[in-house]
Amino acid sequence: MEFFIRNSLDMTLVLCYSIIRLGGLLGIRDDSFSLKKKRRIDVHAIGRVCVWISMLFCVYALLVSSIFPLNSKKTSLEGNWVDSNGEVTSLDIFRDCENPTSVFYTFDEITENKSIMFRSRNIFIDVYVNGRLVQSDDKNVFPLFGSSYGSKWNNIFLEKSQEPVTIEIKGWACFSNSKGIVTNFYIAPSDEIFTVVAKDHLFAFILNAFWELFGIILLLLYVFLHKYYKLGKDFLYLSLGTLLCAQWCNAEINMWQFFLGNSEFFHFIGYLSLITIPIPFGLLGINRLKGKWKKIAQIYTVFAEIAFIVTFALNVTGILEFHYTVKVEHVLLYCMVPLSVKVVQGYTQGDHIKKYKKLINLILILLLCFIVAGLARYSLGYLADYDTYLRTSLFLFLLLMIVCQFLGINSVFVKGMEAEFLHDMAIRDFLTKFYNRAGYAEHETEYEERRIKNKPLGVIQFDINDLKKVNDIQGHEKGDELICLASSGIYQSFGKTGRCYRMGGDEFLVILPGEDPAGDYEAGIDKLEEYCKYANNVEDRTFDLKIAHGFALLESGEDIAHALARADENMYENKRNMKGPGATIR
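Below, the structure is looked at part by part. (Residues numbered from 1 in each chain as written. Predicted model: local features only at pLDDT ≥ 70, side-chain atom pairs only at ≥ 80, totals over all residues. Heavy atoms only, no water.)

## Points about the packing of helix α14 (residues 467-474) against helix α15 (residues 476-494)
For step 1, the next point in the chain: Where α14 contacts α15, the axes come no closer than 7 Å and their chain directions differ by 150°. Here α14 is positioned roughly antiparallel relative to α15, judged by the angle of their axes. Taking contact as the criterion, the partners of Leu-467, Val-470, Asn-471 and Gln-474 in α14 are, on α15, His-476, Lys-478, Gly-479, Leu-482 and Ile-483.
For step 2, the next point in the chain: Here the residues of the contact of α14 with α15 sort into four nonpolar, four polar and one charged. (Axes fitted to C-alpha atoms, helices over the stretch in contact; angles between N-to-C directions. Helix = DSSP H or I, 4+ residues; strand = E, 2+ residues; numbered from the N terminus. Parallel < 35°, antiparallel > 145°, perpendicular 65-115°, else oblique. Contact = heavy atoms within 4.5 Å. Nonpolar A, V, L, I, M, F, W, Y, C, P; charged D, E, K, R; others polar.)

## Remarks on the sheet that holds strand β9 (residues 181-189)
For step 1, the next point in the chain: With respect to topology, three strands assemble into an open sheet ordered β7-β4-β9, the strand pairing being antiparallel. In this open sheet, the two strands that pair with only one neighbour each are β7 (151-158) and β9. Across the sheet, the mean angle separating the axes of adjacent strands is 15° when strand polarity is ignored. (Pairing = 2+ DSSP bridges.)

## Quick notes on empty space enclosed by the protein
For step 1, the next point in the chain: Tallying each qualifying case throughout the model produces four cavities of 30 Å³ or more.
For step 2, the next point in the chain: By volume, the second largest cavity is sized at about 90 Å³.
For step 3, the next point in the chain: What lines the second largest cavity is a set of 13 residues, among which Arg-121, Ala-251, Glu-252, Phe-266 and His-267 lie closest to the centre.
For step 4, the next point in the chain: Residue assignment for the lining of the second largest cavity shows that the elements contributing at least two residues are α5 (234-253) and α7 (263-276).
For step 5, the next point in the chain: Looking at the lining of the second largest cavity, the element that brings in the most residues is α7, giving four residues.
For step 6, the next point in the chain: When grouped by side-chain class, the residues that make up the lining of the second largest cavity number five nonpolar, six polar and two charged. (1 Å grid on protein atoms, 1.4 Å probe; cavity = no way out; pocket = protein on both sides within 12 Å on 5 of 7 lines; lining within 4 Å. Points joined across faces, edges and corners; volume = space filled by probe spheres on them.)

## Side note on the environment of Asp-137
For step 1, the next point in the chain: As for its placement among the helices and strands, Asp-137 is situated in the loop between β6 (132-136) and β7.
For step 2, the next point in the chain: Counting along the chain gives 34 residues from Asp-137 to Gly-171, while the straight-line C-alpha distance between them is 9.7 Å.
For step 3, the next point in the chain: A distance of 2.8 Å separates the side chain of Asp-137 from the backbone nitrogen of Ile-125, its partner in a polar contact.
For step 4, the next point in the chain: In this structure the side chain of Asp-137 is engaged in a polar contact, spanning 3.1 Å, whose partner is the side chain of Lys-152. (Polar contact = N/O pair within 3.5 Å; in protein donor to acceptor, adjacent residues only side chain to side chain.)

Everything listed here is a matter of geometry and, on its own, says nothing about what the molecule does.
Here is the structure:
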């Protein structure tokens, strides 16, 4: 089977077969490429086939690399340790090592240059090779970071040797109540050790890095949405909670320490995130919950804030480190679980999400089991794997709340769009899409502000000549055609420099708020006259397009109504000139 998978000829056949099958699915037949039949080549379909083939073979390559991995010379060193008396022991001995404790491991020989890499937590480590000290932790940690490096990766180089080589690991706890951990032992050729360790932890690292990036993106989205859509605080608190949880879990999986070092810094960031996590979730509960649960959320948030202030102050001043107060945060995290469940259930009360309520409740039960199991293992000192429970459950829990939040936002946006659509219909003329009198009334405050500030403002009154005559003789359908033709000309002439209104049957208004309304008026009228000439030269048109117009520039101290009246007078004067002496003006 392996030979078949790796054989290049078979791979070519698989590739050709995939093209044929995908081509059939996408509607590409063999005659699509026939030049004799002059069929057009569907480049879009071919492109889709190429993309699908690329994606399929990426998955295929991943499966092959997982089923048939490259041979790695990694060796596990979790067993076969002895203590100073030569008795078999395990690395769990460091869980209770108030006094310096040593364990030993002997290799019969080392056939090539190798490296040992392992992780230590809350414990100082000295490493000896054949009695020679090769690594020693500095016991003087910077006061801000406390008495421990937190989780630290140790890398020991072993030279090729045909003689037995004995490794001694000597450790003692950093804290009086600490359970030290020495775990994740790897031994491999020196040029492979980093790849081996990174591969084993890569998925968890990518997942946590994704969530941290996702939290940052959510915060940026909140900044944008809050500014333009007046979004509530729920989204902010959920974003902060996501970011803090991601920072905590990132510090716990130790891969940032692996890549960058600075274990004490990430140790500090992990604790700081941990004591901050309850606060945004408490604030989210205050925003979302009602009645007695809202009061519970308020009390919880007050306790979380007090705990943060006190523990942070004690650590920074050096009186008491985070490590000794972390039990308080464990209690707050336990209390956060039912509060968060009520928050999620609160999201399910909306009509937009009720149909998902049973599924959400089922997921909540499963997640609660994982969260409780993870917190219990953390509290009992099983620090090697507790984060797997918490990381999976907590992020799924966050994802559940984020989905609920987005569904709620979507519902609000849909309702807002419907309201905006109805509002737009109310202030616009159905036939011409110009603003109507209601639209002008809505904008009148804006124009009044310009008048008060003595900013330039011009008004133009328009009237369509002979609209009534067209309606009476040719019918209202032709009258509507004349109105639409006139409104199109007005918009093409003044749409970029002003705001257009249809104030009545044949009456139009344009407001010019630019810096040079008179110049905008002259340029627009030239365009409108050209438009009318072109429209009147169209064959088979049964009416002439003639638009009377009058302009007035708002003078200092003049109200807008008076300027509109002057523009109206100028429009009627233009109308008389267009119709000639003795004509009836309507």
